[in-house]
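Take a look at the letters that make up each chain.
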Amino acid sequence: MSKFPSTKPILTITVQMKSLRLLFERNSSPAKTTSSSSKFKRPKPSSISNGSDSSQSSSSQDPLKTHFSSLIKSTETTLQLRQIHAQILRRHLSSSANLTTLLISVSSSLKSIPYALSIFNDSHHKSLFLFNALIRGLTENSHFQSSVSHFLLMLRHRVRPDKLTYPFVLKSVAGLGLRFLGLILHGRIIKCGVEFDSFVRVSLVEMYVKLEEMGFALQVFDESPERNKSESILLWNVLINGCCKVGNLEKAMELFEAMPERNIGSWNSFINGLMKNGDLNKAMQLFDEMKEKDVVSWTTIVNGLSQNGDHQKALSMFFKMLEVGLRPNDLTLVSALSACAKIGALEAGVRIHNYFVENGLRLNKATAAALVDMYAKCGNILSASKVFEVTKEKDIRTWSVMIWGWATHGFYGQAIRCFKKMMFSGIKPDAVVFLALLTACSHSGQVDLGLNFFDSMRFDYSIEPTMKHYTLVVDLLGRAGRLDEAMKFIQRMPISPDFVAWGALFCACRAHKNIKMAELVSEKLLQLEPKHPGSYVFLSNVYAAVGRWEDVERVRMLMQNQAVGKDPGWSYIEVNGQVHSFVAGDHDHKRAREIYLKLEEIVSGAREQGYMPETGWVLHNIEEEEKEDALGSHSEKLALAFALMNTSPGTTIRIVKNLRICGDCHSLMKCASKMSQREIILRDIKRFHHFKYGVCSCGDYW
């Protein structure tokens, strides 16, 4: 059985489990009579349960009640509902349980939970139907604690739950992670004789799936009568989803193949599970076998491919979806824009933005944030800013991606101004916003400002710093050459520094050629992750920078003995709507010979501008000519050459790289921007570099 964290202070739910049992036992005997729910047809989970009582038959004959009932059902705002409610009170119709139930249901559907609670509390006769409407509304609005609380209140009032009550209480219990209470409810359901209701059965399985109690979920399924299994495809889908969630794909496949009937949801659930477990080939195979595909099917594929790193394929599938005439939903659009952002596919991103405009789609919080993020990460920060400015609904996510955009592009002033505007708008910053602010300060050398933000985050906003925040402060001090302060800071951290935190200090030691501290820090790195290539590469580069070739060779031999390999550098570039990828030393491209010839031409022209290959960036002591060859095969240089061959003069070149750009490539990019009279925008793992007229936006501070 899984272990679950102890529940938060949630009313008296888990305080006295004994009292719960007493309540259940007391309510198992004949209690206050309410109209039998079996007389009424159970609504679908997505519909509004209006409830009923003895007054329903009379209300159907009362034109005024019927009129108010139809008005409530057609209400679109809480204000309208309040006005109708006022008229009901004026006409002394508030005693109608049918109208009161409807008011609670509709106010819940309008997400006005406080109003629904006030209607319920003002009601003198709290019937089964009122409790069901309220519990359902609370659950569907994720007020799980309140939902369980009112279920307990229902028992205290000796109102017996029915098959419409339990599914929503089970969902609330799962949402709170209350395993023990879930088991008690399961026993009560069996005692009440409603365990074979299809809706209750599915809800039981779903609860155990969410609690990751797959043994119980499978047991409930196995003990289900064949009638339940044959009538409820949803029962199978929920269980398949659960098996996929815990990584049991074999059982999921067994269930999928055993299903008496499958709907689109069955295929979508299994494909989604395969994607989440990284089995892309099987997922694509099943997707191709589907006779009918809906927007969820396509979204599952687009999102799954992007989540698994195949961003080009994700974009290809997205545009195929548009070709077959299906309208994407918000998740599809966000997933596609995310894929564009990951590989710098600006042209594809612009096409998606045009789709918004051409189809009159309104930007909401999620799509606006994704669009801003796409433009920022594809190197077009001005377009990101324009989308941000026209977005009416801005939440903390929208503001944070804009601040991040300014920060990674090196515009710390704009990042700070954006932060101040956010504060004036009434939105309080969170931990992510402070990460962006610290990044902006680190890239621009604003050490004191960054330290002020770090202190403000803790003391003014009571936000506890994470390892990422501490690492950024180390980076902030280290970049500025304040290595002793950085070392003291890392030693005084209240949490143990990890590999990345020590790595930030190591990079600073290398940049400022502090060999003694670099050796000390490298010991920490090797203790933390002896197999990580970065530790060896960094140390080797430090020794190479000061000509200590014997030490370089010693580190290289250590790498070989530990079977440590250096991560290959790769770069993406989008040319004429097509994304091309290059790996360091790549000779597999079909135009490799032309690319290397073009690169030689660029280097030759750069030499005339005063460029000299910075061979200190090469790992170990080899002949000078070999060093230049090693530098010449860096992936961003190959991407640059390819772009200059295949784009018209004046076109901005955008490159995305997975590692930090080396000093030699940085120097060559500056020369290339001057020679070609073009702007070259390169995004590495740390930040953006805008090369123009022979200079870089980072001011050589990176």
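The structure presented is a predicted model; accordingly, all values stated were derived computationally and were not measured.

## Points about the overall build of the protein chain
Turning to step 1, where the next piece is worked out: If you tally the helices and strands in the protein chain, you get 37 helices and six strands.
Turning to step 2, where the next piece is worked out: The buried share of the protein chain, reckoned over its 702 residues, is 51%.
Turning to step 3, where the next piece is worked out: Intrachain contacts of the protein chain at a sequence separation of at least 6 include 65% that bridge at least 24 residues.
Turning to step 4, where the next piece is worked out: When the accessible surface of the protein chain is split by element, carbon and sulfur atoms take 51% of a total near 33,100 Å².

## Observations regarding the UniProt feature "repeat: PPR" (unreviewed entry) in the protein chain
Turning to step 1, where the next piece is worked out: According to UniProt, the "repeat: PPR" (unreviewed entry) feature falls on residues 232-262, 263-297, 298-328 and 395-429.
Turning to step 2, where the next piece is worked out: Taken end to end, residues 263-297 is 74% helix and 0% strand, and its first and last C-alpha atoms sit 12 Å apart.

## Regarding the packing of helix H24 (residues 396-408) against helix H25 (residues 412-424)
Turning to step 1, where the next piece is worked out: Interaxial distance between H24 and H25 falls to 8 Å at its minimum, and their mutual angle equals 165 degrees. Here H25 runs roughly antiparallel to H24, going by the angle between their axes. Of the two elements, H24 crosses H25, and the hand of that crossing is left-handed. Between H24 and H25, the contacting residues are Ile-396, Trp-399, Met-402, Ile-403, Trp-406 and Ala-407 on the first element and Gln-414, Ala-415, Cys-418, Phe-419, Lys-421 and Met-422 on the second.

## Digging into the packing of aromatic side chains
Turning to step 1, where the next piece is worked out: Using the criterion set out here, one finds 19 aromatic pairs in the structure.
Turning to step 2, where the next piece is worked out: Aromatic pair Phe-256 and Phe-270: ring centres 5.0 Å apart, planes at 35 degrees, arrangement tilted. Of this pair, Phe-256 sits in helix H15 (residues 249-258) while Phe-270 is found in helix H16 (residues 264-276), placing the two residues 14 residues apart along the sequence.
Turning to step 3, where the next piece is worked out: Classification of Phe-256 as buried rests on a relative accessible area of 3%.

## Examining the pairing of strand E1 (residues 570-575)
Turning to step 1, where the next piece is worked out: E1 sits mainly inside the fold: five of its six residues count as buried.
Turning to step 2, where the next piece is worked out: With six bridges connecting them, E1 and strand E2 (residues 578-583) associate as antiparallel partners. Looking at E2, one finds that Tyr-572 is bridged to Ser-581.
Turning to step 3, where the next piece is worked out: Here E1 hands over to E2 after two residues, with Asn-576 in that stretch at a positive phi of 55 degrees.
Turning to step 4, where the next piece is worked out: The sheet contact formed by E1 and strand E3 (residues 653-657) spans three bridges and is antiparallel. Looking across to E3, one finds that Ser-571 is bridged to Lys-657.

## Examining the pattern of salt bridges
Turning to step 1, where the next piece is worked out: All told, the structure shown has 15 salt bridges when counted by the stated rule.
Turning to step 2, where the next piece is worked out: Linking Asp-455 and Arg-458 is a salt bridge whose minimum nitrogen-to-oxygen distance equals 2.7 Å. Of the two residues, Asp-455 and Arg-458 are both situated in helix H27 (residues 447-459); the distance of three residues between them amounts to about one turn of the helix.
Turning to step 3, where the next piece is worked out: Its salt-bridge partner being Glu-485, residue Arg-482 comes within 2.8 Å of it at the nearest N-O pair.
Turning to step 4, where the next piece is worked out: For Arg-482, a relative accessible area of 27% puts it in the partly exposed group.
Turning to step 5, where the next piece is worked out: When its relative accessible area of 38% is taken as the criterion, Glu-485 is described as partly exposed.
Turning to step 6, where the next piece is worked out: When salt bridges that share partners are traced, they join Asp-448, Arg-482 and Glu-485 into one network.

## Some details on helix H21 (residues 346-358)
Turning to step 1, where the next piece is worked out: Over its 13 residues, H21 extends 18 Å from the first C-alpha to the last, a length consistent with the 18 Å expected when each residue adds 1.5 Å.
Turning to step 2, where the next piece is worked out: Considered for burial, the residues of H21 that qualify are Leu-346, Ala-348, Gly-349, Ile-352, His-353, Tyr-355 and Phe-356.
Turning to step 3, where the next piece is worked out: As for H21, its buried residues are in contact with helix H19 (311-323), helix H20 (330-343), helix H22 (365-377), helix H23 (381-390), E1 and E3.
Turning to step 4, where the next piece is worked out: Gly-360, located one to two residues past H21, shows a positive phi value of around 65 degrees.

## Some details on the pairing of strand E5 (residues 688-692)
Turning to step 1, where the next piece is worked out: Taking burial as the measure, the five residues of E5 include four buried ones, the bulk of the element.
Turning to step 2, where the next piece is worked out: The hairpin turn running from strand E4 (residues 680-683) into E5, its antiparallel successor, is four residues long.
Turning to step 3, where the next piece is worked out: Sheet analysis places E5 next to strand E6 (residues 695-696), joined by two bridges and oriented antiparallel. The residue of E6 that forms the bridge with Phe-691 is Cys-696.
Turning to step 4, where the next piece is worked out: The antiparallel hairpin formed by E5 and E6 contains two residues in its connecting segment, where Tyr-693 sits at a positive phi of about 55 degrees.

## Some remarks on the nonpolar core
Turning to step 1, where the next piece is worked out: Within the largest apolar cluster, 179 residues are counted, with the highest numbers of intra-cluster contacts made by Ile-72, Phe-151, Phe-270, Leu-315, Ile-352, Ile-403 and Leu-505.
Turning to step 2, where the next piece is worked out: Leaving out residues up to four positions away in the same chain, Leu-505 has contacts with Val-474, Leu-483, Ala-486, Met-487, Ile-490, Met-517 and Val-521.
Turning to step 3, where the next piece is worked out: Val-575, Leu-599, Leu-668 and Cys-671 belong to the second largest nonpolar core, which has 31 residues in total.

## What to know about helix H18 (residues 295-307)
Turning to step 1, where the next piece is worked out: Between its first and last C-alpha, H18 extends 18 Å over 13 residues, near the 18 Å set by a 1.5 Å rise per residue.
Turning to step 2, where the next piece is worked out: Along its buried surface, H18 packs onto H16, helix H17 (280-289), H19 and H20.
Turning to step 3, where the next piece is worked out: For H18, the N-terminal capping position is held by Asp-294, with its side-chain oxygen 3.1 Å away from the main-chain nitrogen of Val-296.
Turning to step 4, where the next piece is worked out: The first or second residue beyond H18 is Gly-309, which carries a positive phi of 90 degrees.

## Some points on the sheet that holds E6
Turning to step 1, where the next piece is worked out: The mixed open sheet is built from six strands, whose spatial order is E2-E1-E3-E4-E5-E6. The sheet is open, and its two borders are formed by E2 and E6, each paired with just one other strand.

## Focus on the state of the cysteines
Turning to step 1, where the next piece is worked out: Tallied over the full model, the rule gives zero disulfides.
Turning to step 2, where the next piece is worked out: With no disulfide of its own, Cys-507 lies 9.2 Å from the sulfur of Cys-509, the closest cysteine sulfur.
Turning to step 3, where the next piece is worked out: The exposure class of Cys-507 is partly exposed, given its relative accessible area of 26%.
Turning to step 4, where the next piece is worked out: Left without a disulfide partner, Cys-662 is nearest to the cysteine sulfur of Cys-665, which lies 3.6 Å away.
Turning to step 5, where the next piece is worked out: A relative accessible area of 8% means that Cys-662 is categorised as buried.

## Notes on a positive patch on the surface
Turning to step 1, where the next piece is worked out: Together, Lys-171, Lys-210, Lys-245 and Lys-276 give the surface a local cluster of positive charge.
Turning to step 2, where the next piece is worked out: Within the secondary structure layout, Lys-276 lies in helix H16.
Turning to step 3, where the next piece is worked out: Its relative accessible area of 68% is what places Lys-276 among the exposed residues.

Analysis parameters
Residues numbered from 1 in each chain as written. Predicted model: local features only at pLDDT ≥ 70, side-chain atom pairs only at ≥ 80, totals over all residues. Heavy atoms only, no water. Helix = DSSP H or I, 4+ residues; strand = E, 2+ residues; numbered from the N terminus. Buried < 20%, exposed > 50% of the residue type's maximum accessible area, 1.4 Å probe, protein only. Contact = heavy atoms within 4.5 Å. Areas by Shrake-Rupley, 256 points an atom, 1.4 Å probe, with all protein chains shown as cover. UniProt positions renumbered as here; feature names shortened; annotations may be inferred. Axes fitted to C-alpha atoms, helices over the stretch in contact; angles between N-to-C directions. Parallel < 35°, antiparallel > 145°, perpendicular 65-115°, else oblique. Left-handed = near helix turned anticlockwise from the far one by under 90°. Phe/Tyr/Trp six-rings, centres within 6.5 Å; stacked < 30°, edge-to-face > 60°. Pairing = 2+ DSSP bridges. Salt bridge = Lys/Arg side-chain N within 4 Å of Asp/Glu carboxyl O. Expected span 1.5 Å × (residues − 1). Core = buried A, V, L, I, M, F, W, Y, C linked by side-chain atoms within 4.5 Å. Polar contact = N/O pair within 3.5 Å; in protein donor to acceptor, adjacent residues only side chain to side chain. Disulfide = S-S within 2.5 Å. Patch = residues over 30% accessible without salt bridge, like charges linked within 9 Å, V, L, I, M, F, W, Y side chains within 5 Å. Lys, Arg positive; Asp, Glu negative; His and termini not counted. Charge placed at Lys NZ, Arg CZ, Asp CG, Glu CD.

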